[in-house]
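Take a look at the letters that make up each chain.
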Amino acid sequence: MWNLKEFESIYSRYQSSGLRVKDFCCNECISLSRFFYWQKKLKQAQKELERPSGFVPLVLNSTGSSGKCSPDYSHLSDSPPVSGNICELIYPNGVRLRLPLGRDIREIERLIHLYP
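What you are looking at is a predicted structure, and each value in this text was computed from that prediction instead of being measured.

### Some remarks on the environment of Arg 103
Thinking step 1. Mapping Arg 103 onto the fold places it in the loop between strand E2 (96–100) and helix H4 (105–114).
Thinking step 2. Relative accessible area serves as the criterion here: at 31%, Arg 103 is assigned to the partly exposed category.
Thinking step 3. When the C-alpha positions of Arg 103 and Cys 87 are compared, they lie 9.8 Å apart, and in sequence the two are 16 residues distant.

What follows is the structure in structure tokens.
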């Protein structure tokens, strides 16, 4: 039984061979159904790598205040923007996380994982 990494190597050999799938599989003693099964798995894995994660980087400048993040999710907000020494994370699903700056990063990480 193959894993994805092993099939990547086989698929690379297939692509560089210039052969039709049927001929390549015959030469390698691989059943067509097995080849197409792993080809589908490989393409799905590649699509998942290309898919954006949905997270927006949080940028803090040297003074500890929040810098400009992109994209801007302020259009999702019905409440006034935060100011002062507060960091506000707004998830695409609308969940807001407001924290005073200077909190321990591990505590912030635990809070972020509560709202995936």
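Read on for the rest.
### Description of the side chain of Gln 39
Thinking step 1. Mapped onto the elements of the fold, Gln 39 is located in helix H3 (residues 32–50).
Thinking step 2. Aside from chain neighbours lying at most four places away, what touches Gln 39 is Phe 7 and Tyr 11.

### Some thoughts on the packing of aromatic side chains
What describes a pair of aromatic rings is the distance from one ring centre to the other and the angle between the planes of the rings.
Thinking step 1. One pass over the full model with this rule turns up twelve aromatic pairs.
Thinking step 2. On the basis of an interplanar angle of 65° and a centroid distance of 5.5 Å, the ring pair of Tyr 14 and Phe 24 is categorised as edge-to-face. Of this pair, Tyr 14 sits in helix H1 (residues 4–17) while Phe 24 is found in helix H2 (residues 21–28), placing the two residues ten residues apart along the sequence.
Thinking step 3. Chaining the aromatic ring pairs together yields one cluster made of Trp 2, Phe 7, Tyr 11, Tyr 14, Phe 24, Phe 35, Phe 36, Tyr 37 and Trp 38.

### Topic: unusual backbone geometry
Thinking step 1. Phi angles above zero are rare outside glycine, and Cys 29 is one such case at about 55°.
Thinking step 2. Following the sequence through the fold, Cys 29 ends up in the loop between H2 and H3.

### Topic: the pattern of salt bridges
Thinking step 1. Evaluation of the coordinates by the stated rule reveals two salt bridges.
Thinking step 2. One salt bridge connects Asp 23 with Arg 20, and the closest N-O pair in it is separated by 3.2 Å.
Thinking step 3. Arg 20 gets classed as exposed once you look at its relative accessible area, which sits at 56%.

### What about the pairing of E2?
A regular strand places its side chains so that they alternate between the two faces of the sheet.
Thinking step 1. Going residue by residue along E2, you find Leu 97 and Leu 99 tucked away on one face and Arg 96, Arg 98 and Pro 100 left uncovered on the opposite face.
Thinking step 2. Taken together, the five bridges between strand E1 (residues 86–90) and E2 define a ladder with antiparallel strand orientation. When the bridges of E2 are listed, Glu 88 appears paired with Arg 98.
Thinking step 3. Taken together, E1 and the strand that follows it, E2, pair antiparallel across an intervening segment of five residues, in which Gly 94 is found at a positive phi of about 100°.

### Quick word on H2
Thinking step 1. Among the residues of H2, those classed as buried are Val 21, Phe 24 and Cys 25. The buried residues of H2 occupy an angular sector of 95° when the element is viewed end-on, so they sit on one face. Summarising the geometry of H2, the exposed residues directed more than 90 degrees from the buried face are Lys 22, Cys 26 and Asn 27.
Thinking step 2. On its buried face, H2 sits against H1 and H3.
Thinking step 3. Downstream of H2 by a residue or two, Cys 29 has a phi angle that is positive, lying close to 55°.

Reading guide: rules and limits
Residues numbered from 1 in each chain as written. Predicted model: local features only at pLDDT ≥ 70, side-chain atom pairs only at ≥ 80, totals over all residues. Heavy atoms only, no water. Helix = DSSP H or I, 4+ residues; strand = E, 2+ residues; numbered from the N terminus. Buried < 20%, exposed > 50% of the residue type's maximum accessible area, 1.4 Å probe, protein only. Contact = heavy atoms within 4.5 Å. Phe/Tyr/Trp six-rings, centres within 6.5 Å; stacked < 30°, edge-to-face > 60°. Salt bridge = Lys/Arg side-chain N within 4 Å of Asp/Glu carboxyl O. Pairing = 2+ DSSP bridges. Arc of directions from axis to C-beta.

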